[in-house]
Amino acid sequence: MTHCSDNNEETDDGTEKPKRNQTKKSKGEKHVSFPPDEQIVSGFAESRTADRKAYSCLTLAEVMEAYLQSCSRHQVQPRELVLQQLQQGVCVGGSMERLDLKGERLDHRSCEALEVVLKSLHFDFINLQAAQLEENGASSLLDMILFYESTTHLDISDNSSLGASGWRALAHLIKQSVRLSRLDVCNVSLVDYPAQSLSKALLTSRLTALHLHNTQLSGRPLYTLVGTLKTNRALKELHLTNNLLNSYQDALHLGDLLRYNSTLQTLELSDNAVADAGLEELCDGLRWQTAGLKVLLLRNNQITVEGMHHLAKALPGLKVLQVLDLGANLLGNKGVQMIREPLMMNSSVLQLSLTQANITCEGVVALAEFLAESRQIQRLDLRQNEVKVGGLMALSLALRINRSLARLDVDLTPSQEQDEFLKETETQLQTEIAQRCLANASSSSLQTETSETSTTNQ
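These numbers come from a predicted model, not from an experiment. (Residues numbered from 1 in each chain as written. Predicted model: local features only at pLDDT ≥ 70, side-chain atom pairs only at ≥ 80, totals over all residues. Heavy atoms only, no water.)

Caption draft 1: Seen up close, the packing of helix H11 (residues 275-286) against helix H12 (residues 307-314). Following both chains from N to C, one finds H11 and H12 inclined at 10 degrees, their axes separated by 8 Å at the closest point. Classified by the angle between their axes, H11 and H12 sit roughly parallel to one another. The handedness of the crossing between H11 and H12 comes out as left-handed. Contacts between H11 and H12 pair Asp276, Leu279, Glu280 and Cys283 from the former with Gly307, Met308, His310, Leu311 and Ala314 from the latter. Split by residue class, the contact of H11 with H12 holds five nonpolar, two polar and two charged. (Axes fitted to C-alpha atoms, helices over the stretch in contact; angles between N-to-C directions. Helix = DSSP H or I, 4+ residues; strand = E, 2+ residues; numbered from the N terminus. Parallel < 35°, antiparallel > 145°, perpendicular 65-115°, else oblique. Left-handed = near helix turned anticlockwise from the far one by under 90°. Contact = heavy atoms within 4.5 Å. Nonpolar A, V, L, I, M, F, W, Y, C, P; charged D, E, K, R; others polar.)

This is how it looks when you write it as structure tokens:
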């Protein structure tokens, strides 16, 4: 397959066929007229479906043999990893779980040889991470994945040499694919043309999950992306870990995104520098969320007790947010005490993570008071904090009242410097906490089953 050539290519049996972006012409035909758009689309879909059916009847052994012949035709060494997966894989209805090419060096000819595999099988996941894709090979391979609708989840991370053609093909895939739902493009630079190309593609994309970790999205690239996502009504998960996002313009743009987008359900901003001022912008955006964002991950963002002022104002009015991660931030006991009452007033948060948040027994007692009042909290994570006997005792007492908490995570290893009595007491309290959480979880499951049964009977 040649990405931008007008020449015909050979099928696997050696006969010629038109390019994927061409249409056959009858001999002697001098005038061309096109049917209505809906007929063009349906005709293309029928043609592609017929082509797929012709190959979906192949066994994995036959696909492997066809791949070997394709490699011979393209004068390239067959990839042992591909052969191994075809040999050991399980195919159900023409679909396999994954095609893992992570770390394989895929030059242009190696990509061309893979066409017979992509046309014969559907994959839940195609992993092209660190495949050293270069411009021609990348554009060719991405064109194939689009044409044959080969996967639901594509990872093309750690490929820094896609070039203009590769990014153009990726944008076309994002815009046109009806099957691709998750895309990972991590550890590459998304500035200038890549950022613009990706953003424009998302205007009409059907993607529901986008992972852009460590892509230098801070500044204008983020502004470009957010401008598109404000009107996007398909994307439900946006993961932006480790992008140097700051507390000024970046947080302002993300706050605007929350103000105007009610489709996004998960926003991951861990390992950035949103800080206290940035949290204020995010909280301003959260107040506009009457439907949408359920998960906000802010782990390791230089947030301190000052940021809890802004969160305390926002929490009582939040109706949608269910999961909040504030781990690895310097909140301290004062920060926890500041959000204790707002958490009591909140009616949506089900899971709260405060791992490694510089909390001691004083802060844990405040959280225990919140637990005693809460009717909906389901999980609380307090690992990597100084939770000693006093804090554990407060949590245990709170769980005698609380009926919703199904999981409470605390460090299970007592300090070696403690005497035997304190070690034994901590162990007993941890056991009691675990048992009460288990009882709550069982009770909740039973209530859910009863409710479902009642609904079914009605």
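Read on for the rest.
Caption draft 2: Spotlight on the pattern of salt bridges. Overall, the coordinates contain 15 salt bridges when judged by the stated rule. Ionic pairing is found between aspartate 184 and arginine 182, a salt bridge with its closest N-O pair at 2.9 Å. Across the salt bridge formed by lysine 388 and glutamate 386, the nearest N and O atoms sit 3.8 Å from each other. Under the relative-accessibility criterion, lysine 388 is labelled partly exposed at 31%. By relative accessible area, which is 47% here, glutamate 386 ends up partly exposed. Several salt bridges converge on common partners, so that one network encompasses Arg379, Asp381, Arg383, Arg407 and Asp409. (Salt bridge = Lys/Arg side-chain N within 4 Å of Asp/Glu carboxyl O. Buried < 20%, exposed > 50% of the residue type's maximum accessible area, 1.4 Å probe, protein only.)

Caption draft 3: How the structure looks around the nonpolar core. Membership of the largest hydrophobic core comes to 117 residues, with the highest contact counts inside it found for Leu133, Leu141, Leu354 and Leu408. Ignoring anything within four residues of it in the chain, the contact list for leucine 354 reads Leu326, Gly327, Leu331, Val336, Ile359, Leu367, Asp381, Leu382 and Asn385. (Core = buried A, V, L, I, M, F, W, Y, C linked by side-chain atoms within 4.5 Å.)

Caption draft 4: Just the sheet that holds strand E9 (residues 266-268), in detail. On the basis of which strands lie adjacent, the open sheet formed by twelve strands has the order E3-E4-E5-E6-E7-E8-E9-E10-E11-E12-E13-E14 and parallel pairing. The sheet is open, and its two edges are formed by strand E3 (95-100) and strand E14 (407-409), each paired on a single side. Strand-to-strand, the axes of this sheet are offset by a mean angle of 5 degrees, without reference to chain direction. In terms of strand pairing, E9 meets strand E10 (residues 295-297) through three bridges, oriented parallel. Across the sheet, the residue bridging to leucine 267 is leucine 296, located in E10. (Pairing = 2+ DSSP bridges.)

Caption draft 5: How the structure looks around the packing of helix H8 (residues 193-201) against helix H9 (residues 220-229). It is at 8 Å that the axes of H8 and H9 come closest, and there the two elements cross at 10 degrees. As the angle between them shows, H8 and H9 are arranged roughly parallel. From H8, Ala195, Gln196, Ser199 and Lys200 reach across to H9, where they touch Pro221, Thr224, Leu225 and Thr228.

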